[in-house]
Amino acid sequence: MEIRSYINGKWLTPDSGRIVKNVNPADLGETVCEFASAGEKETLAAIEAAQNAFPGWAAVPAPERGRYVARVAALARERQDELARVMTREEGKLLKESLGEIKKGNSVLEYYGGAGFRIYGKTIPSELGECFTCTIRRPLGSVGIISPWNFPWAIPCWKIAPALVAGNTVVFKPAELTPGTATLLVRLFAEAGLPPGVLNMVVGPGSKVGETIIRHRDLKAVSFTGSNEVGRRVIEEAAKTHKKVQCEMGGKNALVLMEDGDLEAAVAATIDGAFGSTGQRCTATSRVLVQRGIKDRFTERLLERTREYFPGNGLDPKATMGPVVDRKQYESVLGYIEAGRKEGARLLCGGKAAGGNGYFVEPTVFDGVTAGMRIFQEEIFGPVLALAAFGSCEEALALSNDVPY
């Protein structure tokens, strides 16, 4: 599919000379798209377009702004199968996971489609006679939105829709790894009749597009989802121009299982949390802390279920887990597995590349993981699970919180 930036109601091909080639992570012989990457020049043009469009968009009644979003939801429902297939080809997740994400994003669009009727202010008692005191909500202005590759439909939906309904104009930077899904979303907004300049998309690297967004003083807010390292930089740079900032960053989540817990429910939650989306989500279950009295039974059942998982092409209905997203992430995950071995964790299953013509990694479980190990402390963003034992509830809480996230 053709990938271009969308600025002031027009699809534009940047002249940066930098061509990005995206391959299907489950089939390295398939090129999903090639596109010219945008940079500072295009980002500045998008910001100017958003600024120029803001007065007119803010003047549109909020219920009518919501109707544009509702039309996008209706269009997306009609095309959800097409959208899911594009997402699976460029990001790698199972087709059923992609379809679930499309439906979730559509629910968000439907919700905010009605939010224009719910932009309430407040009346406040005054201590002065003959004085009426109230608050009225007004849009901020033009805002920047930076979204990640792991949820390339749902996250842009839940950032863009409320921003638009509230009366703001948007400069949207999607991840370079998933520009196809982002392009389809923006096309639907254009098809829904959104005025030029209200929503602009700039497809390019964080070092050019992202930096311009977070530094530009005419953008009044920035919403970012991504790594802790980049998120800290977003906060620091945005503070210099007094931007409002919303950051959703990494995690190192622990499931805690006490002896009186439901073992089967815990196993099911662990499997889905650790290996769903190939572990590539900030909400992934990366650690399981199990009370010693139940640990052997839990581990045995967990391994039985883990062996039912095998990675494959997300378009293959037999596959139970997709690939990791690209070579960089693939090498990073394998690096963490090697670190776990070297630091003394006991490998129970998986632990290597799964073969095939893609970035496949076996679902991996380590036992005997201690708090000082990297696989206990650091976000892996892949199908790697660390098991640790504890005695008391207090010890479990201490272990759970003993991470920098």
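One can find the structure itself at the top, above this paragraph.
Calculation criteria
- Residue positions are given per chain, counting from 1 as you read along its sequence in written order.
- It should be noted that, the model being predicted, local features are given only for residues of pLDDT at least 70 and side-chain atom pairs only at 80 or more, the latter also being counted only at that level, while totals for whole chains, interfaces and linings use all residues.
- Computation of side-chain values covers all heavy atoms of the structure but excludes hydrogens and water.
- Nonpolar cores were defined as sets of buried Ala, Val, Leu, Ile, Met, Phe, Trp, Tyr and Cys residues, with membership established by side-chain atoms within 4.5 Å.
- Each residue is placed in one exposure class: buried if its accessible area under a 1.4 Å probe, protein chains only, is under 20% of its type's maximum, exposed if it is over 50%, and partly exposed if it falls in between.
- Residue contacts are counted whenever heavy atoms from the two residues lie within 4.5 Å of one another.
- Take a side-chain nitrogen of Lys or Arg and a carboxyl oxygen of Asp or Glu: if they are within 4 Å of each other, that pair is a salt bridge.
- Here a strand is any run of E in DSSP of at least two residues, a helix any run of H or I of at least four, and the numbering for each starts at the N terminus.
- Note on geometry: axes are C-alpha line fits, over the in-contact stretch for helices, and angles between N-to-C directions span 0 to 180 degrees.
- For classification purposes, angles smaller than 35 degrees are called roughly parallel, those larger than 145 roughly antiparallel, those between 65 and 115 roughly perpendicular, and all remaining angles oblique.
- Should the near helix be turned anticlockwise from the far one by less than a right angle, the crossing is left-handed, and should it be turned clockwise, the crossing is right-handed.
- Each residue is assigned to one class: nonpolar for Ala, Val, Leu, Ile, Met, Phe, Trp, Tyr, Cys and Pro, charged for Asp, Glu, Lys and Arg, and polar for all the others, Gly among them.
- At least two bridges found by DSSP between two strands are what make those strands a pair.
- Crossover handedness is defined by viewing with both strands directed away from the observer: a clockwise path from the first strand over the helix to the second marks the crossover as right-handed.
- Residue count minus one, scaled by 1.5 Å, sets the expected span of a helix.
- Throughout, bend refers to the angle between the axes fitted to the seven residues that end at a position and the seven residues that start at it.
- The definition of a polar contact used here is a pair of N or O atoms within 3.5 Å, where within protein one atom must be able to donate a hydrogen and the other to accept one, and adjacent residues in sequence count solely through side-chain atom pairs.
- Centres within 6.5 Å are what make two rings of Phe, Tyr or Trp a pair, Trp counting through its six-membered ring; a difference in plane orientation under 30 degrees is then read as stacked, over 60 as edge-to-face, and the rest as tilted.

Some words on the nonpolar core
Item 1. If you look at the biggest cluster of nonpolar residues, it comprises 46 residues, and the most contacted ones within it are Leu109, Trp153, Phe172 and Phe189.
Item 2. Discounting chain neighbours no more than four positions away, the residues touching Phe172 are Ile145, Ser147, Pro156, Ile160, Ala182, Val186, Leu199, Asn200, Met201 and Val202.

Some details on the pattern of salt bridges
Item 1. For the coordinates displayed, the defined rule picks out 23 salt bridges.
Item 2. Here Glu237 makes a salt bridge to Arg215, at a shortest N to O gap of 3.6 Å. Pair noted here: Glu237 is in helix α8 (residues 228-240) and Arg215 is in helix α7 (residues 206-215), with a separation of 22 residues, a long-range link.
Item 3. Judged by relative accessible area, Glu237 falls into the buried class, the value being 9%.
Item 4. Of the residues examined, Arg215 reaches a relative accessible area of 47% and is grouped as partly exposed.
Item 5. A salt bridge links Asp367 to Arg346, with the shortest nitrogen-to-oxygen separation between them at 2.8 Å. Pair noted here: Asp367 is in strand β15 (residues 364-367) and Arg346 is in strand β14 (residues 346-349), with a separation of 21 residues, a long-range link.
Item 6. Taken together, the salt bridges that share partners define one network made up of Glu211, Arg215, Arg233, Glu237 and Lys240.

A word on the packing of helix α2 (residues 62-78) against helix α6 (residues 179-191)
When two helices pack together, their arrangement is given by the angle between the helix axes and the distance between those axes.
Item 1. Here α2 crosses α6 at 120°, and the two axes come no closer than 9 Å. Here α2 lies oblique to α6, going by the angle between them. For the pair α2 and α6, the crossing hand works out as right-handed. In this structure, α2 uses Val69, Val72, Leu75 and Ala76 to contact α6, whose residues at the interface are Leu185, Leu188, Phe189 and Glu191.

As for the packing of helix α3 (residues 80-91) against α6
Item 1. Where α3 contacts α6, the axes come no closer than 8 Å and their chain directions differ by 155°. Here α6 runs roughly antiparallel to α3, going by the angle between their axes. Contacts between α3 and α6 involve Glu82, Leu83, Val86, Met87 and Glu90 from the former and Pro179, Gly180, Thr181 and Leu184 from the latter.
Item 2. In terms of residue class, the contact of α3 with α6 is made up of five nonpolar, two polar and two charged.

Points about the pairing of strand β11 (residues 244-248)
Item 1. In the sheet, strand β10 (residues 219-225) pairs with β11 via five bridges, with the strands oriented parallel. Bridge pairing links Val222 to Val245 in β11.
Item 2. Handedness of the crossover is the feature at issue here: the chain leaves β10, passes through α8, returns alongside β11, and the resulting connection is right-handed.

A word on helix α1 (residues 40-59)
An α-helical turn contains 3.6 residues, so any two residues separated by three or four positions project in the same direction.
Item 1. Over its 20 residues, α1 extends 29 Å from the first C-alpha to the last, a length consistent with the 28 Å expected when each residue adds 1.5 Å.
Item 2. Of all the bends in α1, the greatest, near 40°, is centred on Ala53, and the proline Pro55 appears no more than four residues after it.
Item 3. For α1, every residue scored as buried is listed here: Glu42, Thr43, Ala46, Ile47, Ala49, Ala50, Ala53, Phe54 and Trp57.

A few points about the sheet that holds β14
Item 1. Taken together, the five strands give an open sheet; going across it, the order is β12-β13-β16-β15-β14, and neighbouring strands pair in mixed fashion. Two strands in the sheet have a free side with no partner beyond their single neighbour: β12 (253-257) and β14. Recorded for the sheet is a direction-independent mean angle of 25° between the axes of neighbouring strands.
Item 2. Here β12 pairs with strand β13 (residues 285-291) via five bridges, running parallel. Directly across from Leu257, in β13, lies its bridge partner Val290.

A few points about unusual backbone geometry
Most of the time, phi is negative for any residue but glycine, and the peptide bond is trans.
Item 1. Despite not being glycine, Glu130 has its phi angle at roughly 60°, a positive value.
Item 2. Examined against the element boundaries, Glu130 turns out to sit in the loop between β5 (122-124) and β6 (133-135).
Item 3. Among the residues examined, Glu130 registers a relative accessible area of 88% and is labelled exposed.

Let's talk about the side chain of Thr225
Item 1. Here Thr225 is to be found in strand β10.
Item 2. With relative accessibility at 7%, the residue Thr225 sits in the buried group.
Item 3. One polar contact links Thr225 to Glu248, side chain to side chain, over a distance of 3.2 Å.
Item 4. Setting aside residues up to four positions removed in sequence, Thr225 forms contacts with Ile146, Ser147, Pro148, Ile155, Lys159 and Glu248.

Some thoughts on the packing of aromatic side chains
Item 1. This model, assessed by the stated rule, comprises six aromatic pairs.
Item 2. Measuring from centroid to centroid gives 5.8 Å for Phe275 and Tyr309, while their planes differ by 50°, and the two rings are tilted. Of the two residues, Phe275 is situated in helix α9 (residues 263-275) and Tyr309 in the loop between α10 (292-306) and α11 (327-342); the sequence distance between them amounts to 34 residues. For the pair formed by Phe275 and Tyr309, the shared burial category is buried.

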